[in-house]
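Per-entry structural report
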Amino acid sequence: MASKTDRVMSLRAVRQLRRVRAFYAVGALVWAASTAWTGWQSPGGRQMWVSALLLAIFTGLLLTASLWLQRLAARAAGPVHHAAPRRPTGSRHAHA
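Keep in mind it's a predicted model, so treat the numbers as computed, not measured.

Thresholds applied
- Residue positions are given per chain, counting from 1 as you read along its sequence in written order.
- It should be noted that, the model being predicted, local features are given only for residues of pLDDT at least 70 and side-chain atom pairs only at 80 or more, the latter also being counted only at that level, while totals for whole chains, interfaces and linings use all residues.
- With hydrogens and water excluded, all non-hydrogen atoms of the structure serve as input to the side-chain values.
- Each helix is a run of DSSP H or I of at least 4 residues and each strand a run of E of at least 2, with the numbering of both proceeding from the N terminus.
- Throughout, exposure labels follow a simple rule: accessible area from a 1.4 Å probe, protein chains only, divided by the maximum for the residue type, with under 20% read as buried, over 50% as exposed, and the rest as partly exposed.
- Contacts: residue pairs with any heavy atoms within 4.5 Å of one another.
- Each accessible area value is a Shrake-Rupley result obtained with a 1.4 Å probe; residue values ignore everything except the protein chains displayed when judging cover.
- Surface patches are defined over residues having more than 30% relative accessible area and no salt bridge, joining like charges when they lie within 9 Å and nonpolar side chains (Val, Leu, Ile, Met, Phe, Trp, Tyr) when within 5 Å.
- For this analysis, a salt bridge means a side-chain nitrogen from Lys or Arg found within 4 Å of a carboxyl oxygen belonging to Asp or Glu.
- Each nonpolar core is a collection of buried residues, namely Ala, Val, Leu, Ile, Met, Phe, Trp, Tyr and Cys, held together in the definition by side-chain atoms within 4.5 Å.

1. Side note on the overall build of the protein
Counting its secondary structure elements, the protein contains two helices and zero strands. In the protein, which comprises 96 residues, the share counted as buried stands at 16%. A fraction of 68% describes how many contacts in the protein between residues 6 or more apart in sequence connect residues 24 or more apart. Total accessible area on the protein is roughly 8400 Å²; 64% of this is exposed by carbon and sulfur atoms.

Listed below in structure tokens is the structure:
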């Protein structure tokens, strides 16, 4: 059983990851627009490649934060019991 401090730390981590994920999403959108604009103005130029690199970095950070948030949310949901129940269910007959 997890202690209360573990639960509070988990909730704080989820809250912080949501904020960070939103920041990375905005960053990815800004760099996508910047890459499109510089690609239109000077295709193949240094500015376009720098924008594309920063877009790739923010997209990678966004994916990483989303995966961590998904894992933390799954862990906070509680343990999943994959084993069969220990007590026998007994025979069930349908009476029509």
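Further notes follow.
2. Considerations on the environment of Ala-65
By the element assignment, Ala-65 lies in helix α2 (residues 46-76). Considered as a pair, Ala-65 and Arg-21 are 44 residues apart in the sequence and their alpha carbons are 5.8 Å apart. For Ala-65, the contacting residues outside a window of four places in its chain are Leu-17, Arg-21 and Tyr-24.

3. Overview of a nonpolar patch on the surface
A grouping of Leu-53, Ile-57 and Leu-61 is seen on the molecular surface, where their side chains present a nonpolar patch of about 250 Å² in accessible area. Structurally, the position occupied by Leu-61 is in helix α2. On the accessibility criterion, Leu-61 (34% relative accessible area) is partly exposed.

4. Topic: the side chain of Thr-35
Here Thr-35 lies in helix α1 (residues 4-41). The residues contacting Thr-35, other than those within four sequence positions of it, are Met-48, Ser-51, Ala-52 and Leu-55.

5. Thoughts on the nonpolar core
Grouped together as the largest cluster of nonpolar side chains are eight residues: Val-14, Leu-17, Tyr-24, Ala-28, Phe-58, Ala-65, Leu-69 and Leu-72. Within the residue set of this core, elements represented by two or more residues are α1 and α2.

6. A few points about the environment of Gln-70
As for its position among the elements, Gln-70 is in helix α2. A C-alpha to C-alpha distance of 10.0 Å links Gln-70 and Leu-17, two positions 53 residues apart in sequence.

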